[in-house]
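# Structural characterization, general
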Amino acid sequence: QVQLVQSGGGLVQAGGSLRLSCTASGSFFRVDSMSWYRQGPGQQRELVAVISSGGSTNHADSVKGRFTISRDNAVNTVYLQMDSLKPEDTADYYCKADIATKNSPFTYAYWGQGTQVTVSS
């Protein structure tokens, strides 16, 4: 059974920083891309950033220069460093990992439990 467990988040003032973590645990063969999504109040879930197993990254335009995604493959963990936070960054943040449970090209998408980030003005 595969689980993604998130930590971090909380309440911060505008201009502040937070760091989110997400660790994959359980029985699996390989973790491919890992990513962060967010869903603000009354909004659809949107992609924030993605990182490949080799470390290539992409960030949404709205967070470029402020957020940084990284990962530690030794502990199957992805991070989201969020700096210069704005009130519009307020949302529930979710990690996602594409995981192969056996030696196969096919992966399944697993999601973390979500964590709330609130940025006050």
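A brief structural summary. Numbering of residues begins from 1 in every chain and follows the order in which that chain's sequence is written. Given that the model is predicted, a residue must reach a pLDDT of at least 70 before its local features are reported, and side-chain atom pairs must reach 80 or more before they are shown or counted; all residues, however, enter totals for whole chains, interfaces and linings. Hydrogens and water molecules were not included; the side-chain quantities draw on all heavy atoms of the structure.

Turning next to the side chain of Arg71. On the secondary structure map, Arg71 appears in strand 7 (residues 67-72). Per-residue accessibility, obtained with a 1.4 Å probe over protein chains only, is compared with the maximum for each type, and a residue is labelled buried under 20%, exposed over 50%, and partly exposed between these values. His residues and chain termini do not enter the charge count, which takes Lys and Arg as positive and Asp and Glu as negative. Whenever Lys or Arg places a side-chain nitrogen within 4 Å of a carboxyl oxygen from Asp or Glu, that contact is recorded as a salt bridge. The charged side chain of Arg71 is buried without a salt bridge, its nearest counter-charge being Asp32 at 6.8 Å. Polar contacts involving the side chain of Arg71 include one to the main-chain carbonyl oxygen of Val31, which spans 3.4 Å. Two residues qualify as a contact provided that any one of their heavy atoms is within 4.5 Å of a heavy atom in the partner residue. If we ignore the near neighbours within four places in the chain, the residues touching Arg71 are Val31, Asp32, Ser33, Met34, Ile51, Ser52, Ser53, Thr77, Val78 and Tyr79. Each helix corresponds to a stretch of at least 4 residues labelled H or I by DSSP, and each strand to a stretch of at least 2 residues labelled E; elements are numbered beginning at the N terminus. Polar contact criterion, stated in full: a pair of N or O atoms within 3.5 Å, where within protein one must be able to donate a hydrogen and the other to accept it, and residues adjacent in sequence count only if both atoms are side-chain atoms.

With a phi angle near 50°, Asn76 is a residue other than glycine that sits in the positive phi range. By the secondary structure assignment, Asn76 is in the loop between strand 7 and strand 8 (77-82). With a relative accessible area of 23%, Asn76 lands in the partly exposed category. For Ser84, which is not a glycine, the phi torsion comes out positive at approximately 50°. Relative to the elements of secondary structure, Ser84 occurs in the loop between strand 8 and strand 9 (91-100).

Okay, the nonpolar core next. Trp36, Val48, Phe67, Val78, Leu80, Met82 and Tyr93 are the most contacted members of the largest nonpolar core, which has 27 residues in total. The set of elements that each furnish at least two residues to this core consists of strand 1 (2-7), strand 3 (18-26), strand 4 (30-39), strand 5 (46-51), strand 7, strand 8, strand 9 and strand 11 (115-120). Among the elements that take part in this core, strand 9 stands out by supplying five residues, more than any other. Beyond its immediate sequence surroundings of up to four residues, Val78 is in contact with Leu20, Ser21, Cys22, Met34, Trp36, Ile51, Ile69, Ser70, Arg71 and Cys95. In this description, a nonpolar core means a group of buried Ala, Val, Leu, Ile, Met, Phe, Trp, Tyr and Cys residues linked to one another through side-chain atoms lying within 4.5 Å.

Here the focus is the environment of Arg38. Position of Arg38 relative to the elements: it lies in strand 4. By relative accessible area, Arg38 is classed as buried at 6%. Separated by 23 residues in the primary sequence, Arg38 and Gly15 have C-alpha atoms spaced 19 Å apart. Apart from residues lying up to four places away in sequence, Arg38 is in contact with Gln44, Arg45, Glu46, Val48, Ser62, Val63, Phe67, Asp89, Ala91, Asp92 and Tyr93. Here Ser62 takes part through its side chain, which lies 3.5 Å from a polar atom of the side chain of Arg38. Reaching out from Arg38, the side chain makes a polar contact with the side chain of Asp89 at a distance of 2.9 Å.

Turning to the pattern of salt bridges, a few remarks are in order. Here the structure, examined in full by the defined rule, presents six salt bridges. For Arg66, the salt bridge goes to Asp89, with nearest N and O atoms at 2.7 Å. Note that Arg66 is positioned in the loop between strand 6 (57-59) and strand 7 and Asp89 in the loop between strand 8 and strand 9, a separation of 23 residues in sequence. Looking at Arg66, the relative accessible area reads 10%, which means it is buried. On the basis of relative accessibility, which here comes to 1%, the residue Asp89 falls in the buried class. Here Asp98 makes a salt bridge to Lys96, at a shortest N to O gap of 3.0 Å.

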